[in-house]
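# Fold and contact review
So you can see what is in the structure, the chains are spelled out below.
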Amino acid sequence: MGSWWYAAFRSMVENTLYCAMLLTMSAMCGRREELQSSEFWTICHKTVERAINKYHTAPPTIPLHHFLNVGTAEFLESRKDDADRCRTTMNLVCYGIGNFSNSVSSRYQLALLFLLLETLQISQLSCLLFDPLFTEWEKRFLKDCGLVVIEENEEGKRSINQPTLFYMIHCGKALYNNLLWKNWSPQQLANTIIIGNSFKGIEERLPTRVLQRDYMYISNILAVTEETAFPYSNRYLDIFNDTSIHQFPRAKLDSKPTEFWANAAEPTYQQCEDLEIIQNG
């Protein structure tokens with residue numbers, strides 16, 4: 001009797017989870033279709049495309065004689081091949097998207113992530129997500145979608161070795177600061193794009209003393225950051241407000257002296273009163 005009851009209970013739980021996943025998938029599809037047909041996405045799509053093309057699809061400099069020898073059509077086709085190859089090697093890392101099973105805002109943010117994956121031709125296996133609040137079935141849902149769930153809380157301290165888009169909407173300031181610290185070199189930052197809270201907005205809202213003391217890497221990178229705001233939308237104001245695309249052009253990074261990059265100490269936040277992130281352990 002006991003084993004029968006356990007088997008029935010387990011079947012009921014699995015069916016309940018399955019139904020919940022179907023409902024979530026249905027809701028996600030609805031949000032995705034709504035976003036895709038919106039003016040917000042039309043402008044956002046073009047903005048992100050420009051960002052990716054500007055720094056991550058530019059092939060190495062080709063000598064003039066090569067252009068003259070192969071002809072215009074072949075030359076343009078070779079550039080397209082380089083661009084496509086670069087896109088297929090791009091990663092997308094998503095932090096802090098929240099509990100999309102019960103948050104409408106999180107569902108919209110996840111729907112936008114799916115649109116970005118499709119538009120930028122990024123493989124699902126190259127898309128990694130983490131939120132310390134993810135439930136077990138939210139993790140299962142993401143894995144069933146072919147995405148990769150990061151199991152350990154990295155606190156944003158992920159070092160990259162290839163072009164990477166970080167999708168970090170409404171994350172804590174320490175998360176951006178940690179990410180910058182972990183990639184504190186011209187080589188790595190030139191391959192980094194961050195979609196998240198406006199760095200300019202952070203600068204405007206925080207006293208200079210606090211910004212430099214608690215979030216030194218955000219403070220130091222501001223001068224060499226190119227920031228483009230997401231389009232304004234009344235419909236999605238609470239979901240994507242204060243969101244910008246941040247890029248770090250190699251020429252600007254290389255203009256900084258060697259000592260700017262030297263002795264990059266790991267942030268500790270000992271004097272930070274409101275950390276805004278969940279730390280590991």
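The coordinates are above.
Residues numbered from 1 in each chain as written. Predicted model: local features only at pLDDT ≥ 70, side-chain atom pairs only at ≥ 80, totals over all residues. Heavy atoms only, no water.

## Topic: the pattern of salt bridges
In the structure shown here, the tally under the stated rule is 13 salt bridges. Measuring nitrogen to oxygen at the nearest pair gives 2.7 Å for the salt bridge that ties Glu266 to Lys157. Residue Glu266 is found in the segment after helix H14 (258–261), and its partner Lys157 is found in the loop between strand E3 (148–149) and strand E4 (164–168); the two are separated by 109 residues along the sequence. Lys173 serves as the salt-bridge partner of Glu276, at 2.8 Å between the closest nitrogen and oxygen. Here Glu276 is found in the segment after H14, whereas its partner Lys173 is found in helix H7 (residues 173–182), with 103 residues between them in sequence. Lys173 sits in the buried class, given a relative accessible area of 15%. (Salt bridge = Lys/Arg side-chain N within 4 Å of Asp/Glu carboxyl O. Helix = DSSP H or I, 4+ residues; strand = E, 2+ residues; numbered from the N terminus. Buried < 20%, exposed > 50% of the residue type's maximum accessible area, 1.4 Å probe, protein only.)

## A closer look at the sheet that holds strand E1 (residues 91–95)
Adjacent strands of a sheet pair through backbone hydrogen bonds, lying either parallel or antiparallel. Taking strand neighbours across the sheet as the criterion, the seven strands line up as E3-E2-E1-E4-E5-E7-E6 in an open arrangement whose pairing is mixed. Two strands in the sheet have a free side with no partner beyond their single neighbour: E3 and strand E6 (226–229). Of the strand pairs in this sheet, strand E5 (residues 192–197) and strand E7 (residues 243–247) are connected by five bridges, and their pairing is antiparallel. Considered in E7, the bridge of Ile195 is made with Ile245. In the packing of H7 onto the sheet, contacts are made with E1, E4 and E5, and the angle to E5 comes to roughly 170°. (Pairing = 2+ DSSP bridges. Contact = heavy atoms within 4.5 Å. Axes fitted to C-alpha atoms, helices over the stretch in contact; angles between N-to-C directions.)

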